[in-house]
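Structural description and commentary
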Amino acid sequence: MTDLPSTARAVIIGGGIVGCSVAYHLGKLGWTDTVLLERKKLTSGTTFHAAGLVGQLRTSANITQLLGHSVALYKALEAETGLQTGWKMNGGLRLACNGERWTEVKRQATTAHSFGLEMHLLTPKEAQDLWPLMTIDDVVGAAYLPTDGQANPSDITQSLARGARMAGVKIFEDTPATRIIVENGRIRGVETPHGSIECEKVVICAGQWTRVLAATVGVNVPLVSVEHQYMVTERIDGVTPDLPTLRDPDRLTYWKEDVGGLVWGGYEPNPKPWAVAGIPEGFHFELLTSDWDHYGQFMENALARVPALATAGVKQLINGPESFTPDGNFILGEAPELRNFYVGAGFNAFGIASGGGAGMALAEWVAMGEPPFDLWPVDIRRFGKVHRSTDWVRSRTLEAYGKHYSIAWPSEEMRSARPTRRSPLYAHLQVAGACFGEKLGWERPNWFAGPGESPVDHYSYQRPGWFDAVAREHKAAREAAVLIDQTSFAKFTLKGPDAAKALNWIAAGNIDRTPGSLTYTQMLNQKGGIECDLTVVRRAEDEFYIVTGTGFATHDFDWISRNLRGNCQLIDVTSGSAVLSLMGPDSRRVLQGSSSDDLSNTAFPFGTAKSISVAGCPVLALRVTYVGELGWELHMPTDVAVTVYEALKAAGGLVDAGYRAIETLRLEKGYRAWGADIGPDHTPVEAGLAWACKMKSGLPFLGRDAVAAQLAGEVKKRLATFTAAPEVILLGRETIYRDGERVGWLSSGGFGHTVGRSIGMGYVRHPDGVTEDFVLSGGYELEVASERVPASVHLAPLYDPQNLRVKA
């Protein structure tokens, strides 16, 4: 190891497909002073025993684009490096064997069309023509993606490694990283048995070893190991090299051709965790003992689908552990706990499909300091404190694994590891009939069952079981008053002599106003993309209170803290206070019944915050709304939440409501949701939020130049609201057609109980620019479950109580 360098710009830990892909792409970006360390041999962890199916379609446009990069890379890699990859674009089939599954597949086809991915719906016979070995007695229909395929995982990895070396990247096998050197909160290098390497950045792509290694420097990577088995058969008559990959989710199995035989496996509802006490020392190029009894649960379904399996010889039943995550998505990005520490891990058995694109995205993140596009579905900052518990992570991950091939119902909630985080009002809401959902470990009321109803979710691709209950809550919010427990809001305090100056640089809105002011604002990146969407209250000259969405706690805290300047400190105070949102035209009467403070519009106008007394308890009241009605967010110490709740309910006429009503109410008002309608790929100008930016003030703020350029020029997309007939089910990702041309997809979907129409929001896109006139002048259709339906477009809110405007 005399050639192990003493310094490097970046050190990659892990020589599987993801680590080698990051090395390859960093080399392409000119980061030739990069070193990859592999503790044993390349591919020896998980990659060598991966099945090698490459599918592209995901529920996110950007993750679909990322997987599309994998396909493009694998097609070209052999010509570049001279090493075979085993890549075959033989297409992919997905079967549906019941009505609900067929609806799901048709909606997936629409999603593919939205994202520009070719996907065809087939009859059972057409599917059988592509895959002659299967029976189709129970098949309702199928979908075919011609650009999907399969690859040899080890060959692709070796080809990526050669490409990295060709660019100047150094790769060292049999060189474990024994310690990541951190001094005074900064990465200094990586220690190995053969010497230490000083470096600026560390990229850990160590598969199932990642969680333990990252934890040594305080970084949390929520993944665990799960056993995954598949069978390799001998040659079978009728299996040809061009046989597409096949996914049969109703029978829990997947299939691909392999040297004239079949590789087939499945996702069982009762998965087996592995290495609960830790991964054995020296584990590499090793498989686990084949568990024929456990695998046997697939056999009946598999034989019914492929009768030739009954007489086929069996080469091997492969049992290899792989890393899985609590939500089934992989983990990418810079760790919020440690600057310049990047993670690419937890690929949930689709690391081969993701490897090329994930390596590209992570390499750009390392080199540029930001991802190439919004990667929120896989961003490491989507996790929170609850994910530091390995027991919690394992419980939720096993549930996610077991649901891999179950129907992905709209708004489906997970059941495991619950309850964990509970509001002080949990028991009261339970008695009131709450059906709870969960986010970042928090139990949150989704809706409330009425007399004779059971607070249990009944899922459907038609109207869900809670539709009528949410309609009641929606009506109460519009006509009377509702009370919503939003304790799970993420809440931060920023304090210090430089707090105002620092925060006003990060916030696009003007927060440097008098104490008691409340500002709804975005926080932008240099390109003008929306990184945060939140509320800021000025408590004092040197103190601010920041409120953001539950799921964005880690992300937003990280974004704010990394962009702060000067003498100020950001503190997470989420668990210190409860929040009750009192909303509706009757909310002032309800609140006044328990408070002697002046709540009139003159004394307490919109966009302000005051400390008031409610039932003798201290409350910070925020005059703000996300439902489009008069109302207050009431923030209070957790120990008085029950007292305040009981006092407000005693006023009479107050209805408990949940998060699903918030969603239907905000759609009618056209309020944007971060992570759906707005995010780093969308600017305030494109999203119709330029009014919230302090452009007229002349004050500088992060992203200002990008916003100014768009205001002076043009944009290629604009967010609009669409309505359709009430029987149309809009969920998001439906394709938008303007005058017959595909121009985008819905980012949100739902039903407006006041306007009596289905509602969606989405960007209208055009390469030549999009004006308001362009949006409003077109004739629109939406593709819903592969069928087009007429739609109307709107740029103003559908519902406006001040102007008494209700549009359909």
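Refer to the structure above for everything that follows.
Residues numbered from 1 in each chain as written. Predicted model: local features only at pLDDT ≥ 70, side-chain atom pairs only at ≥ 80, totals over all residues. Heavy atoms only, no water.

1. Notes on the packing of aromatic side chains
All chains considered together, the criterion is met by 26 aromatic pairs. Ring geometry for tryptophan 255 against tryptophan 264: centres 5.1 Å apart, planes inclined by 15 degrees, an arrangement best described as stacked. With respect to burial, tryptophan 255 and tryptophan 264 carry one shared label: buried. Geometrically, the ring pair formed by tyrosine 267 and tyrosine 401 is tilted, given 5.1 Å between the ring centres and 55 degrees between the ring planes. With tyrosine 267 in the loop between β15 (261–266) and β16 (273–274) and tyrosine 401 in helix α10 (residues 390–402), this residue pair connects regions lying 134 residues apart in the sequence. A residue is classified by how much of its surface remains accessible, and tyrosine 267, at 5% relative accessible area, is buried. Look at tyrosine 401 and you get buried, because its relative accessible area is 2%. Pairwise contacts between aromatic rings join Trp131, Trp255, Trp264, Tyr295 and Phe298 into one cluster. The residue whose ring lies beneath arginine 9 is tryptophan 31, and the NZ or CZ to ring-centre distance is 3.8 Å. (Phe/Tyr/Trp six-rings, centres within 6.5 Å; stacked < 30°, edge-to-face > 60°. Buried < 20%, exposed > 50% of the residue type's maximum accessible area, 1.4 Å probe, protein only. Helix = DSSP H or I, 4+ residues; strand = E, 2+ residues; numbered from the N terminus. Lys NZ or Arg CZ within 6 Å of the ring centre and 35° of its normal.)

2. Quick notes on the pattern of salt bridges
This structure, assessed with the given rule, holds 45 salt bridges. Between aspartate 542 and lysine 495 there is a salt bridge; the shortest N-O distance is 3.6 Å. On the criterion of sequence distance, the pair formed by aspartate 542 in the loop between β25 (530–540) and β26 (543–548) and lysine 495 in strand β23 (residues 490–495) is long-range, its members being 47 residues apart. On the accessibility criterion, aspartate 542 (29% relative accessible area) is partly exposed. Overall, lysine 495 belongs to the partly exposed group, its relative accessible area being 36%. Among the charged side chains, a salt-bridge network with shared partners connects Glu334, Arg339, Asp379, Arg381, Asp558 and Arg562. (Salt bridge = Lys/Arg side-chain N within 4 Å of Asp/Glu carboxyl O.)

3. Describing the sheet that holds strand β32 (residues 655–656)
Strand pairs in the sheet, formed through backbone hydrogen bonds, run parallel or antiparallel to each other. The strand order across the open sheet built from six strands is β29-β30-β31-β28-β22-β32, with neighbouring strands paired in mixed fashion. Of all strands in the sheet, those with a lone pairing partner are β29 (609–614) and β32, marking the two edges. Sheet topology places strand β28 (residues 577–583) next to strand β31 (residues 631–637); seven bridges connect them, and they run antiparallel. Along β31, the bridge assignment pairs leucine 582 with tryptophan 632. The strands touched by helix α16 (residues 641–650) within the sheet are β22 (482–485), β28, β29, β30 (617–622), β31 and β32, with β28 carrying the most contacts at an inclination of about 15 degrees. (Pairing = 2+ DSSP bridges. Contact = heavy atoms within 4.5 Å. Axes fitted to C-alpha atoms, helices over the stretch in contact; angles between N-to-C directions.)

4. Remarks on the state of the cysteines
Applying the stated criterion across every chain yields a total of zero disulfides. Free of any disulfide, cysteine 205 has its nearest neighbouring cysteine sulfur in cysteine 20, separated by 9.3 Å. (Disulfide = S-S within 2.5 Å.)

5. With respect to the layout of surface pockets
Approximately 490 Å³ is the volume found for the second largest pocket. The wall of the second largest pocket is formed by 30 residues, among which Glu370, Pro371, Asn525, Glu531 and Trp559 lie closest to the centre. In terms of residue count, helix α14 (residues 553–563) provides more of the lining of the second largest pocket than any other element does, five residues in total. Residues belonging to the lining of the second largest pocket are distributed by class as follows: ten nonpolar, nine polar and eleven charged. (1 Å grid on protein atoms, 1.4 Å probe; cavity = no way out; pocket = protein on both sides within 12 Å on 5 of 7 lines; lining within 4 Å. Points joined across faces, edges and corners; volume = space filled by probe spheres on them. Nonpolar A, V, L, I, M, F, W, Y, C, P; charged D, E, K, R; others polar.)

6. Observations regarding the packing of helix α1 (residues 17–28) against helix α2 (residues 61–81)
Contact geometry of α1 with α2 gives a least axis separation of 14 Å together with a crossing angle of 75 degrees. The pairing of α1 with α2 is recorded here as roughly perpendicular in orientation. Counted together, Ile17, Tyr24, His25 and Lys28 of α1 and His69, Leu73, Tyr74, Leu77 and Glu80 of α2 form the full contact between these two elements. Along the lines of polarity and charge, the residues of the contact of α1 with α2 split into five nonpolar, two polar and two charged. (Parallel < 35°, antiparallel > 145°, perpendicular 65-115°, else oblique.)

7. Structural notes on the sheet that holds strand β33 (residues 717–724)
Around the barrel, six strands lie side by side as β33-β36-β35-β34-β37-β38; this closed barrel has antiparallel pairing. Here the average twist between neighbouring strands, direction ignored, is 40 degrees. As paired strands, strand β34 (residues 735–738) and strand β37 (residues 780–784) are joined by four bridges and run antiparallel to one another. By the bridge assignment for β37, arginine 738 is matched with tyrosine 780. Contacts from helix α3 (residues 99–114) reach β34, β35 (741–752) and β37, with the element oriented near 130 degrees to β37. Packing against the sheet, helix α17 (residues 659–669) makes contact with β35 and β36 (757–765), and its axis sits at approximately 130 degrees to β35.

8. Section: the nonpolar core
A general trend in soluble globular proteins is that nonpolar side chains are found buried together. Formed by 49 residues in total, the largest nonpolar core has its most connected members in Leu332 and Leu375. For this core, the secondary structure elements donating two or more residues are β1 (7–13), α1, α2, α5 (153–166) and α9 (351–368). No other element matches the ten residues that α9 contributes to this core. Excluding its chain neighbours within four sequence positions, the residues that come into contact with leucine 332 are Val343, Gly344, Phe347, Ala358, Ala361, Leu362, Trp365, Leu375, Val378, Asp379 and Ile380. (Core = buried A, V, L, I, M, F, W, Y, C linked by side-chain atoms within 4.5 Å.)

9. Digging into the environment of valine 139
Its place among the elements puts valine 139 in the loop between α4 (124–130) and β6 (141–145). Taking the C-alpha atoms as reference points, valine 139 and aspartate 248, separated by 109 residues in sequence, lie 9.7 Å from one another. Dropping the residues within four chain positions of it, valine 139 is found in contact with Leu95, Ala96, Cys97, Pro124 and Arg305.

10. Side note on the packing of α1 against α5
Packed helices, taken two at a time, are described by the angle their axes make and the gap between the axes. Two elements in contact, α1 and α5, have axes whose closest approach is 8 Å; the angle formed by their N-to-C orientations is 25 degrees. When the axes of α1 and α5 are compared, the pair comes out roughly parallel. Both α1 and α5 take part in a crossing whose hand is left-handed. Along the contact surface, α1 presents Ile17, Cys20, Ser21, Ala23 and Tyr24, while α5 presents Ile156, Thr157, Leu160, Ala161, Gly163 and Ala164. Class assignment for the residues of the contact of α1 with α5 results in eight nonpolar, three polar and no charged. (Left-handed = near helix turned anticlockwise from the far one by under 90°.)

11. Observations concerning empty space enclosed by the protein
Evaluated as defined, the whole model comprises one cavity of 30 Å³ or more. Computed from the structure, the largest cavity encloses a volume of approximately 30 Å³. Ser423, Trp442, Glu443, Arg444, Pro445, Asp485, Gln486, Thr487 and Ser488 are the residues that line the largest cavity. Top contributing element to the lining of the largest cavity by residue count: strand β21 (residues 442–448), with four residues. Considered class by class, the residues forming the lining of the largest cavity number two nonpolar, four polar and three charged.

12. Some points on unusual backbone geometry
The omega torsion across arginine 418 and proline 419 is -10 degrees, close enough to zero to call that bond cis. Of note, proline 419 is situated in the loop between α10 and α11 (426–431). A positive phi is found at aspartate 174, a non-glycine position, where the angle reads about 50 degrees. As for its position among the elements, aspartate 174 is in the loop between β8 (170–172) and β9 (179–183).

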